[in-house]
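Working through the structure, step by step
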Amino acid sequence: MKCKRKHAAVSGLLVMSLLLSACSGEKEIKENETAAPAGKPKISILTTSPAEYTQTVSDWNQNAYVKKVEELTGTDLEFEFLNWGDYQTQLTLRFASGELADLVQSGAFDSPAHARAAEEGAILELNELIDKYGPNLKAKIPEKVWKDPSISKNGKIYAIPGLVPHAHTAVPFIREDWLQKAGMSMPVTLDDWVAYFEKVKTMDMNGNGDPNDEYGFYVRENLGSSDMFFYEFGVAMNHWVMQGDQFVPSVITPNMKDALAFWRMLYKKGYINPNAITNKYADWQAGITSGKAGSWLHYVDNLANMWAPDQFVGQPDAKPVVIEPPKGPRGQGVGLANTGMYYVWIIPAKTKNPEKVIQFLDKAWSDPELQKFYTFGLEGHNYEMVDGKMKWDPTSPNNANNMESFAYQVNTNVTGHSVNNDEAIKLSPFAEQLQRGFAISEKYKIEADSMYMPLPEAFKTRPELLPNFVSGSTLLLDMFAKVITSDVDIDAEFDKFVQEWKRRGGDEAIKQATEWHKSFFRK
């Protein structure tokens, strides 16, 4: 996905700093302002998007992409896009104030932004509504997805999933032209990767005369889509493992010490950017396309728009390609196995006509014309029909500039996203590399017993205990940042972190996770 997930992606997962403004494009496809026909159900939608195009739209009510969805679904839609960078913070405030839409996008029904909304009756239980008004939802969405802890708990459904075409899309990218300049073949082992990083550090790969502004692996804020060098040591964010008779986060096991030592080496030798922990998404993307990155981790879905060679301005020989993850002493993998969740939709309890919302979603999932629109956009603007055949190019200005294709593939697509679904791939000039990337990500997905585990209750009011970096304020991230940027003793600092993590509620989380694991697997 071209969004941050993500995996989440979607965040997986995606702000573009592309070449041209989409203001003129917005003007060209805007329709005349007309009042919505009487009788159409009005549905408000609270969501977010990282695409630069989103910022160019002054009135979503009159946007041609929204109008098309309204036409095909028989609804009057009112979209509100909150800022991508702090969406969770804004969502927390919206739940606190009660200023919500009929349909709200989130990461899970019990996301930290509204952790107890279900228990407190702030969002609706949807089983009966889906059974009565959403037959196509159950028919089109795989059964395993309804078991996802982002969606349901104890058989009660609290959210509708937004899915991705391919569940596993995280993949390393590398500058093949830089490898050729260094006289190197594709790296395989960790030692191979480090050797490549050293070449990047010393050879002025971008040719600007400064050998110190390129980095072997380019990292973004809170290691979003940048957590590659962990599973090689047997740990991963949100990955739980059995340790004795307890089910624990892998990042609190002793294996994490080796990962910390490796990351400290990357930082100290300048193989990663010094602002790794704070590098904002837009700056991260711009840094890569401006020639600062020898490799990075992201989603292969974004290949055609974010990482196409023509996005690397002033670098006519740029050749970013997908590559298999490095082999490490304890593993080789990239991204946890998942059910394909991009985000979820929740319906606040205050929504007056929730059945209309379910009917709208049901239509979106089942209507062939709408699915075609979600993939290819507007005829005459995003694609053409020539001799009865579809002519669509994701790199054309009306699709690529400011990531305008997001308007129909993601922004207005309430089924998830259609970036590089199988139909789009067939027409993509990047079809071969996309298919290779999806195959790599699928092959090296990290299987985990915790895929269906709900968020432990202990984390819901103590998000600082989450075993990941994404929230930006976890004990784990604080320890990680301190260890890699200083000379503190790794063993001592890590042990202190684990002790503090357990004391502040980690032990409780482990108990809850272990009980879930025994119950789910009947051990």
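Residues numbered from 1 in each chain as written. Predicted model: local features only at pLDDT ≥ 70, side-chain atom pairs only at ≥ 80, totals over all residues. Heavy atoms only, no water.

With that settled, the discussion passes to the side chain of Asn 382. Within the secondary structure, Asn 382 is located in the loop between helix H12 (368-376) and strand S13 (383-386). Judged by relative accessible area, which is 3%, Asn 382 ranks as buried. A polar contact is formed between the side chain of Asn 382 and the backbone nitrogen of Leu 378, at a distance of 2.8 Å. When sequence neighbours within four positions are dropped, the list of residues in contact with Asn 382 reads Tyr 65, Phe 376, Gly 377, Trp 392, Asn 398, Asn 399, Glu 404 and Tyr 408. (Helix = DSSP H or I, 4+ residues; strand = E, 2+ residues; numbered from the N terminus. Buried < 20%, exposed > 50% of the residue type's maximum accessible area, 1.4 Å probe, protein only. Polar contact = N/O pair within 3.5 Å; in protein donor to acceptor, adjacent residues only side chain to side chain. Contact = heavy atoms within 4.5 Å.)

Inspection of the entire model under this criterion finds 28 salt bridges. Two residues, Glu 176 and Lys 319, come together in a salt bridge whose shortest N-O distance is 3.3 Å. Taken together, the residues span a long stretch of sequence, with Glu 176 in helix H7 (residues 176-182) and Lys 319 in the loop between strand S10 (295-299) and strand S11 (320-322) at a distance of 143 residues. For Glu 176, a relative accessible area of 19% corresponds to the buried category. Put simply, Lys 363 and Asp 367 hold a salt bridge, and the shortest N to O gap is 3.3 Å. Through salt bridges with shared partners, a single ionic network connects Asp 110, Arg 116, Glu 119, Lys 153, Glu 457 and Lys 460. (Salt bridge = Lys/Arg side-chain N within 4 Å of Asp/Glu carboxyl O.)

With that out of the way, let us pick up the pairing of strand S2 (residues 76-82). Most of S2 sits out of view: five of its seven residues are buried. In this structure, strand S1 (residues 42-48) lies alongside S2, joined through seven bridges in parallel fashion. Among the inter-strand pairings, Lys 42 is bridged to a residue of S2, identified as Asp 76. Once the chain exits S1 it traverses helix H2 (residues 64-73) before rejoining the sheet at S2, and the crossover so formed is right-handed. (Pairing = 2+ DSSP bridges. Right-handed = clockwise from strand over helix to strand, strands pointing away.)

A word on helix H9 (residues 255-268). Note on helix geometry: an α-helix contains 3.6 residues per turn, so any two residues three or four positions apart are oriented the same way. The end-to-end C-alpha separation of H9 is 21 Å, in line with the 20 Å expected for 14 residues at 1.5 Å each. Here the buried face of H9 lies against helix H8 (190-202), helix H18 (475-485) and helix H19 (490-520). Positive backbone phi, approximately 75 degrees, marks Gly 270, located one or two places after H9. (Expected span 1.5 Å × (residues − 1).)

Looking at where Asp 310 falls in the secondary structure, it is placed in the loop between S10 and S11. Within the structure, the side chain of Asp 310 is placed 3.4 Å from the side chain of Gln 311, a separation counted as a polar contact.

This brings us to the packing of aromatic side chains. Taken as a whole and judged by the stated rule, the model has 44 aromatic pairs. Ring centres of Tyr 342 and Tyr 343 lie 5.1 Å apart, and the angle between their planes is 45 degrees; this geometry places the pair in the tilted category. With respect to burial, Tyr 342 and Tyr 343 carry one shared label: buried. Ring pairs connect the aromatic residues Trp 193, Tyr 196, Phe 197, Phe 217, Phe 229, Phe 230, Phe 233, Phe 262, Trp 263, Tyr 271, Phe 469 and Phe 480, which therefore count as one cluster. (Phe/Tyr/Trp six-rings, centres within 6.5 Å; stacked < 30°, edge-to-face > 60°.)

Another aspect to go through is the packing of H2 against H12. Two numbers describe how H2 lies on H12: the axes approach to 9 Å, and their chain directions differ by 165 degrees. For the element pair H2 / H12, the angle class is roughly antiparallel. Judged by the twist between their axes, the crossing of H2 over H12 is left-handed. Contacts between H2 and H12 involve Tyr 65, Lys 68, Val 69, Leu 72 and Thr 73 from the first element and Glu 369, Leu 370, Phe 373 and Tyr 374 from the second. Tallied by class, the residues present in the contact of H2 with H12 amount to six nonpolar, one polar and two charged. (Axes fitted to C-alpha atoms, helices over the stretch in contact; angles between N-to-C directions. Parallel < 35°, antiparallel > 145°, perpendicular 65-115°, else oblique. Left-handed = near helix turned anticlockwise from the far one by under 90°. Nonpolar A, V, L, I, M, F, W, Y, C, P; charged D, E, K, R; others polar.)

For the rest of this paragraph, the subject is the sheet that holds S1. Backbone-to-backbone hydrogen bonds join strands into a sheet, with any given pair of strands oriented parallel or antiparallel. Read across the sheet, five strands follow the order S2-S1-S3-S12-S6 without closing on themselves; strand pairing throughout is mixed. Each end of this open sheet is capped by a strand with a single partner; those strands are S2 and strand S6 (160-163). Recorded for the sheet is a direction-independent mean angle of 25 degrees between the axes of neighbouring strands. Across three bridges, the pairing between strand S3 (residues 103-106) and strand S12 (residues 341-346) is antiparallel. Bridge pairing links Gln 105 to Trp 345 in S12.

With antiparallel pairing, the three strands of this open sheet are ordered in space as S10-S7-S11. Each edge of the sheet is formed by a strand with only one pairing partner; in this case those strands are S10 and S11. Each adjacent strand pair in this sheet contributes to an overall mean axis angle of 35 degrees, direction not counted. Bridging between strand S7 (residues 170-175) and S10 involves five bridges; their strand directions are antiparallel. Looking at S10, one finds that Ala 170 is bridged to Tyr 299. Seen against the sheet, helix H10 (residues 281-289) touches S7 and S10 and runs at an angle of roughly 125 degrees to S10. Across the sheet, helix H16 (residues 431-443) lies against S7 and S11, angled at about 45 degrees from S11, the strand it touches most.

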